[in-house]
Amino acid sequence: MRIESSQMRNFINGEFVEPINGRYLDNLEPATGKPYSQAADSDAHDVDLAVTAAEKAFVDWSKKPATERSRFLLRIADLIERDLEKFSRAESIDTGKPISLARSLDIPRAVANFRFFATAILHTESEAHITDNVAFNYTLRQPRGIAGLISPWNLPLYLLSWKIAPAIATGNTAIAKPSELTPMTAYMLCEIAREAGLPNGVLNVVHGTGPKVGAAITAHPKITTISFTGGTVTGRKVAEACAPLFKKVSLELGGKNPNIIFADADFDAAITGSVRSSFANQGQICLCGSRVFVERSAYKNFVERFIERTAQLCLGDPLDEKTEQGAIVNKPQLDKIKFYVDLAQKEGGKIALGGSAPQLPNDRCREGYFFQPTVITDLPVSCRTNREEIFGPVVTITPFDNEEEVIGYANDTDYGLASSVWTQNLNRAHRVAEKIHTGTVWVNCWLLRDLRVPFGGMKQSGVGREGGEEALRFFTEPKNVCIAR
Ligand code: TXE
């Protein structure tokens, strides 16, 4: 399939079908600011079609042995891996991320997600409880029915596969809605699902906007489980829509993650890790460490070396192999970044590096959405720039004097998704990890993922945990069977 100028139709009941209203949305390429393809601009009627297909498919799919479901997911993983280059190029064009990042992170992780859940369902444990000599209890974990899976634009295939794989592995059928900003790899995944022979209606993808298609999914009474990843504002709307219908909901939302460097850290590792956690995917990862705190005795040295290393990042055309900083996903996001850089200066911050939207020399990207990796110092800890999610290549660096002070800084936010701590003092690592209010604490690392561990945020970073056993349990209904002796 040629991705340029393609018209992405919905994938319902194993077929690519036009949206009922016949309407399409332009799909822009962030690096050029110009449309390069179109996606269906669907609405609730298309969601109804998908529900009919998913409901019909559930009857057989939920009865299939886990070993059979596992084989379909393994086949999907193999086919994505076979087409790694095609998927990487598409993901780079669609999101603006460097093709090297799509090839090393996004697509391999999508393959890993399908493989992980394909095998995890073969080894699930169940519980039995003997009630004295009165009764024998065992727990059945059964698929819940149709799962509604709504994903964002920053890691499109990675985050969508992280929902589709456990949902269908556990015997549910799925209706997925990728972000209207980056629909391409979800569309390509449907071609893979069909080639893998996934039975019709097990996976359905309905393209379109949040207010029309996303809201129709969260409002549909037959879609009983919702897994959402996106912004906190939208997450609140999803929760409000699901509450009256008593749906089971998992929300993976925004973050404003602290990255703490103690003076005893391995400095080379801390600098390398902090540049990566600050600017990977142009800072458009909910796990990015956008608030850097450095112990005062090491602060000056860290700032100098961090700026020196950041200034070397190659900003350019996402399709250029040398590029390390690609484009911002769209103009509204670029304007949001500019707004916060201006706000930071009004709040007393100093732009130590970057701070503006460069115009790229090459003609192809002249109208694209780019922003320099930006470092801001001298801000008050609890100013808006340090509390609100910017979701771009912008970090603040602040000194601290002791453990208690920096833990207070780290927790002074409405978010609680992830954090990093750089120290070679193991006791301190355990102490600090225990006191930081985030769902994940990385020590001397960042974005090191073991799919078996729970993943998710506290406070306004979300509700529920995905990953590993948690994900399999999220998509199943536990039933207690109690047999009197
Ligand atoms: O997210 P949205 P966006 C943050 C980041 C970003 C902000 C907005 O700060 O600036 O969220 O980004 C669908 N009912 N994150 O606009 O709006 C929408 O179509 C149901 C953090 O991408 O949350 C898309 O498919 N669905 C996040 C998905 O929700 C609705 C990653 C996400 O869109 C809907 C991305 C509705 N009413 C952004 N409205 C993370 N945690 O990684 C929209 N959608």
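Reading guide: rules and limits
Residues numbered from 1 in each chain as written. Predicted model: local features only at pLDDT ≥ 70, side-chain atom pairs only at ≥ 80, totals over all residues. Heavy atoms only, no water. Helix = DSSP H or I, 4+ residues; strand = E, 2+ residues; numbered from the N terminus. Rg over C-alpha atoms; globule rule 2.2 N^0.38 Å. Areas by Shrake-Rupley, 256 points an atom, 1.4 Å probe, with all protein chains shown as cover. Lys, Arg positive; Asp, Glu negative; His and termini not counted. Charge placed at Lys NZ, Arg CZ, Asp CG, Glu CD. Pairing = 2+ DSSP bridges. Near = heavy atom within 4 Å. Polar contact = N/O pair within 3.5 Å; in protein donor to acceptor, adjacent residues only side chain to side chain. Expected span 1.5 Å × (residues − 1). Axes fitted to C-alpha atoms, helices over the stretch in contact; angles between N-to-C directions. Domains from an automatic or database assignment. Contact = heavy atoms within 4.5 Å. Buried area = accessible area lost by both parts, 1.4 Å probe. Salt bridge = Lys/Arg side-chain N within 4 Å of Asp/Glu carboxyl O. Nonpolar A, V, L, I, M, F, W, Y, C, P; charged D, E, K, R; others polar. Patch = residues over 30% accessible without salt bridge, like charges linked within 9 Å, V, L, I, M, F, W, Y side chains within 5 Å.

### As for the overall build of the protein chain
The helix and strand inventory of the protein chain stands at 14 helices and 23 strands. Taking 2.2 N^0.38 as the reference for a compact globule, 485 residues should give roughly 23 Å; the C-alpha atoms of the protein chain span a radius of gyration of 23 Å, in line with that estimate. When the accessible area of the protein chain is evaluated, it comes to approximately 19000 Å², of which 54% is carbon and sulfur surface. Each charge class in the protein chain was averaged separately, 55 positive and 57 negative side chains, and the resulting centres sit 3 Å apart.

### Here's the deal with the sheet that holds strand β1 (residues 7-8)
Each strand in a sheet pairs with its neighbour through backbone hydrogen bonds, running either in the same direction (parallel) or in the opposite one (antiparallel). Here three strands make up an open sheet; going across it, the order is β1-β5-β4 and the pairing mixed. Of all strands in the sheet, those with a lone pairing partner are β1 and β4 (24-29), marking the two edges. Two strands pair when backbone bridges link them, and β4 and strand β5 (residues 34-40) are joined in this way by six bridges, in the antiparallel orientation. Following the sheet pairing, Tyr24 is matched in β5 by Ala40.

### Overview of the site of the ligand
The environment of the ligand is made up of 27 residues, and the closest members are Ser151, Trp153, Glu180, Leu253 and Glu389. In this structure, Ser151 approaches the ligand through a main-chain N or O atom, which is 2.7 Å from an oxygen atom. A distance of 2.6 Å is found between a nitrogen atom of the ligand and a backbone nitrogen or oxygen belonging to Leu253. Protein chains shield 87% of the accessible area of the ligand, which is 810 Å² for the free molecule.

### A closer look at helix α5 (residues 156-169)
The terminal C-alpha atoms of α5, which comprises 14 residues, lie 20 Å apart, in line with the 20 Å expected from a rise of 1.5 Å per residue. The positive-phi residue at the C-terminal boundary of α5 is Gly171, with phi of around 100°.

### Re the sheet that holds strand β7 (residues 135-143)
The strand order β6-β7-β23 describes an open sheet built from three strands, whose pairing is antiparallel. This sheet does not close on itself; its edge strands, each paired only once, are β6 (128-131) and β23 (476-484). Between one strand axis and the next, the sheet turns by 25° as a mean value, whatever way the strands run. Examined bridge by bridge, β7 and β23 share nine bridges and lie antiparallel to one another. Paired with Pro143 across the bridge in β23 is Thr476.

### Details of the domain arrangement of the protein chain
Think of interface size as the accessible area that goes away when the parts come together; that is how it is often given. When its domains are assigned, the protein chain resolves into domain 1 (7-253 + 461-484) and domain 2 (258-450). Between the C-alpha centres of domain 1 and domain 2 there is a distance of 30 Å. In this assembly, 32 residues from domain 1 lie in contact with 31 residues from domain 2. Here domain 1 packs against domain 2, burying approximately 2400 Å² in sum over the two surfaces, 56% of which is carbon and sulfur. Its largest share of buried area at the contact with domain 2, domain 1 owes to Ala31, Trp153 and Ser461, together 22% of the area lost on that side. Inspection of the region where domain 1 meets domain 2 yields two salt bridges. Where Glu29 meets Arg364, a salt bridge forms, and the shortest distance between an N and an O atom there is 2.9 Å. Put simply, domain 1 and domain 2 have 10 residue pairs in polar contact (both at pLDDT 80 or more) between them. Secondary-structure elements contributing two or more residues to the side of domain 1 that touches domain 2 are β4, α3 (84-95), α4 (99-120) and α5. Ranked by residue count, the leading element in the side of domain 1 that touches domain 2 is α4, at six residues. Residue composition of the side of domain 1 that touches domain 2, grouped by class: 14 nonpolar, 10 polar and eight charged.

### A short note on a nonpolar patch on the surface
Together, Ile130, Phe136 and Ile483 give the surface a local cluster of nonpolar side chains, amounting to about 260 Å² of exposed area. Mapped onto the fold, Phe136 is located in strand β7.

### A word on the pairing of β7
Looking at chain direction, β6 and β7 are connected through four bridges and run antiparallel. Bridge pairing in β7 links Ile130 to Phe136. The hairpin turn running from β6 into β7, its antiparallel successor, is three residues long, and Asp132 in that turn takes a positive phi close to 45°.

### Describing unusual backbone geometry
One non-glycine residue, Gln282, adopts positive backbone phi at about 60°. Mapped onto the elements, Gln282 comes out in the loop between α9 (267-279) and β14 (291-295). Despite not being glycine, Asn444 has its phi angle at roughly 55°, a positive value.

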